[in-house]
Amino acid sequence: MDSHETFNVFVQNCPSREIMQRLGDKWTPLVLLTLADGPLRFSGLRQLIGSVTPKVLTSTLRTLERDGLVQRTVYAQVPVRVDYELTDIGHSLLGPMEILRKWSESHASKVLQARDEFDARDDLIRS
């Protein structure tokens, strides 16, 4: 695909659709937002994100590195040090991710209330 090609997330096999799905997965937004303030080591990332397994975090970081959103830097020292940081294209996602973070935090109580109301109605229908 050349740089003049048009992409459309509503076209089933369009690469932009896969990218959008990746940005909405469980861990990608948290990794991107955690790296917003600068490079981190794997253990620092994992500690700040919380509850992500090493295997899943490794997979997420490798995918983000492959997509050009995260850069992995290995330092030849003992023990070996590896840092992860956002690339320029990764930084370009921080604005949209921050908007989603703020929306999620400011609307969490309304969403939880809607879930409770839905579940209560659903329980009435099922009983």
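Residues numbered from 1 in each chain as written. Predicted model: local features only at pLDDT ≥ 70, side-chain atom pairs only at ≥ 80, totals over all residues. Heavy atoms only, no water.

As annotated in an unreviewed UniProt entry, the chain carries the name Transcriptional regulator and is attributed to Glutamicibacter mishrai.

(A) Main features of the packing of aromatic side chains. Enumeration over the complete set of coordinates arrives at zero aromatic pairs. In this arrangement the basic side chain of R81 is found over the ring face of Y75, its NZ or CZ atom lying 4.9 Å from the centre. (Phe/Tyr/Trp six-rings, centres within 6.5 Å; stacked < 30°, edge-to-face > 60°. Lys NZ or Arg CZ within 6 Å of the ring centre and 35° of its normal.)

(B) Representation of the layout of surface pockets within the structure. Roughly 190 Å³ of volume is contained in the largest pocket. As for the largest pocket, its lining consists of P15, E18, I19, R22, L23, R66, D67, L69, I89, S92 and L93. (1 Å grid on protein atoms, 1.4 Å probe; cavity = no way out; pocket = protein on both sides within 12 Å on 5 of 7 lines; lining within 4 Å. Points joined across faces, edges and corners; volume = space filled by probe spheres on them.)

(C) Main features of the UniProt feature "domain: HTH hxlR-type" (unreviewed entry) in the chain. According to UniProt, the feature "domain: HTH hxlR-type" (unreviewed entry) maps to residues 14-112 in the numbering used here. Helix makes up 61% of residues 14-112 and strand 14%. Its end C-alpha atoms lie 34 Å apart. (UniProt positions renumbered as here; feature names shortened; annotations may be inferred. Helix = DSSP H or I, 4+ residues; strand = E, 2+ residues; numbered from the N terminus.)

(D) Here's a closer look at the pairing of strand β2 (residues 70-75). Inspection of the sheet shows β2 paired to strand β3 (residues 81-86) by six bridges, in the antiparallel sense. Within the sheet, the bridge partner assigned to Q71 lies in β3 and is E85. Between β2 and the antiparallel strand that follows it, β3, lie five residues. (Pairing = 2+ DSSP bridges.)

(E) Fine view of the sheet that holds β2. The three strands lie next to each other as β1-β3-β2, forming an open sheet whose pairing is antiparallel. Strands at the two margins of the open sheet, each flanked by one partner only, are β1 (40-41) and β2.

(F) Local environment of the pattern of salt bridges. Inspection of every chain in the model, using the stated rule, returns six salt bridges. Here R126 makes a salt bridge to D122, at a shortest N to O gap of 3.0 Å. One end of the pair, R126, and the other, D122, are both in helix α6 (residues 94-126), four residues apart, so they sit about a helical turn from each other. Overall, D122 belongs to the partly exposed group, its relative accessible area being 23%. (Salt bridge = Lys/Arg side-chain N within 4 Å of Asp/Glu carboxyl O. Buried < 20%, exposed > 50% of the residue type's maximum accessible area, 1.4 Å probe, protein only.)

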